[in-house]
Amino acid sequence: MPKITFLNWDVTVEVEPGTTILEAAERVEDKGVKVGHSCGGVCACSTCHVYVRQGYDSVEEPSDREEDILDKAFDVRPVSRLGCQTEVAGADLVVEVSEESIKAWYDENPDARRAAEARGEDLKK
Ligand code: FES
């Protein structure tokens, strides 16, 4: 089965083909992986913005709808994708989660933000 590595935390998870990057992230949230998903994964918000550092060519091209939503994201790059719309195919992926997405995750999880602030953690990770 293909693997997705989340660079920010150096966490790797094995997933079935067809699994989205967001779904993979949720499986390893207990290891610190944070991908925001304010709209619930329906391609309406851009808070799940990630950069596919390796394996970009193995995934399907973004739909027009995904590109429209990505246009509203911050710091968009040629390898930008929405985590909720990008399904792993046969190849492994290496993904960097955008700062925008990590911030959104903390916005969605205020208790985790307070706890991380109390521990003096870097909230960009
Ligand atoms: Fe909203 Fe992906 S979670 S666009």
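Provided above is the structure to which this section pertains.
Reference entry: report on the structure contained in this document. Only a predicted model underlies this, so the values are computations on that prediction, with no experimental measurement involved. (Residues numbered from 1 in each chain as written. Predicted model: local features only at pLDDT ≥ 70, side-chain atom pairs only at ≥ 80, totals over all residues. Heavy atoms only, no water.)

Let's talk about the pattern of salt bridges
Test applied: Any Lys or Arg side-chain nitrogen found within 4 Å of a carboxyl oxygen on Asp or Glu counts as a salt bridge. In DSSP terms, a helix is any run of H or I states spanning at least four residues, a strand is any run of E spanning at least two, and both are numbered starting from the N terminus. Here's how the labels work: a residue is buried when its accessible area is under 20% of the maximum for its type, exposed when over 50%, partly exposed in between, all with a 1.4 Å probe on protein chains only.
By the definition in use, this model includes eight salt bridges. Where Arg27 meets Glu16, a salt bridge forms, and the shortest distance between an N and an O atom there is 3.3 Å. Here Glu16 lies in the loop between β2 (11-14) and α1 (21-27) and Arg27 lies in helix α1, a separation of 11 residues in the sequence. We note a salt bridge from Arg77 to Asp75, for which the minimum N-O separation is 2.6 Å. Residue classification places Asp75 among the partly exposed residues on the basis of a relative accessible area of 46%. Taken together, the shared-partner salt bridges in this structure form one network comprising Lys103, Asp107 and Arg113.

Section: a negative patch on the surface
Put simply, the test is: For patch building, the residue pool is restricted to those with more than 30% relative accessible area and no salt bridge; the joining distance is 9 Å between like charges and 5 Å between nonpolar side chains (Val, Leu, Ile, Met, Phe, Trp, Tyr). Calculation of accessible area relied on Shrake-Rupley with a 1.4 Å probe; when residues are assessed, cover is drawn exclusively from the protein chains displayed. The positive count covers Lys and Arg only, the negative count covers Asp and Glu only, and His and the chain ends enter neither. Charge placement uses NZ in Lys and CZ in Arg. For Asp and Glu, CG and CD serve respectively.
Among the surface-exposed residues, Glu23, Glu26, Glu29, Asp30, Glu60, Glu61, Asp64, Glu67, Asp68, Asp71 and Glu87 lie close enough to one another that they form a single negatively charged patch. Every element with two or more residues in the negative patch is listed here: α1 and α2 (64-70). No other element matches the three residues that α2 contributes to the negative patch. Within the secondary structure layout, Asp68 lies in helix α2.

Some remarks on the packing of aromatic side chains
The line we're drawing: Each Phe, Tyr or Trp ring (for Trp, its six-membered ring) is paired with any other whose centre lies within 6.5 Å, and the angle between the two planes then decides the class: stacked below 30 degrees, edge-to-face above 60, tilted in between. The rule is short: NZ of Lys or CZ of Arg within 6 Å of the ring centre and within 35 degrees of the ring normal puts a charge over the ring.
Tallying each qualifying case throughout the model produces one aromatic pair. If you follow Lys34 out to its NZ or CZ, it ends over the ring of Trp105, 5.6 Å from the centre.

Some details on unusual backbone geometry
One non-glycine residue, Cys43, adopts positive backbone phi at about 60°. Inspection of the secondary structure assignment puts Cys43 in the loop between α1 and β3 (49-54). Positive phi outside glycine occurs at Ser46, with the angle close to 75°.

Some points on the pairing of strand β5 (residues 93-97)
So the rule is basically this: Think of it this way: DSSP has to see at least two bridges between two strands before they count as a pair.
Counting buried positions over the five residues of β5 gives four, a clear majority of the element. Summarising the sheet, strand β1 (residues 3-6) and β5 pair through three bridges and their orientation is parallel. Each bridged residue has a counterpart across the sheet, and for Phe6 the counterpart in β5 is Val95. As judged from the four bridges shared by β3 and β5, these two strands associate in the antiparallel manner. Paired with Val52 across the strands is Val95, a residue of β5.

What about the sheet that holds β2?
Rule in force here: Axes here refer to lines fitted to C-alpha atoms; in helices the fit is confined to the stretch in contact. Angles between the N-to-C directions go from 0 to 180 degrees.
What the five strands build is an open sheet, ordered β2-β1-β5-β3-β4; its pairing is mixed. Where the open sheet ends on each side, the last strands, each with one partner, are β2 and β4 (80-82). With strand direction ignored, the average angle separating the axes of adjacent strands in the sheet is 35°.

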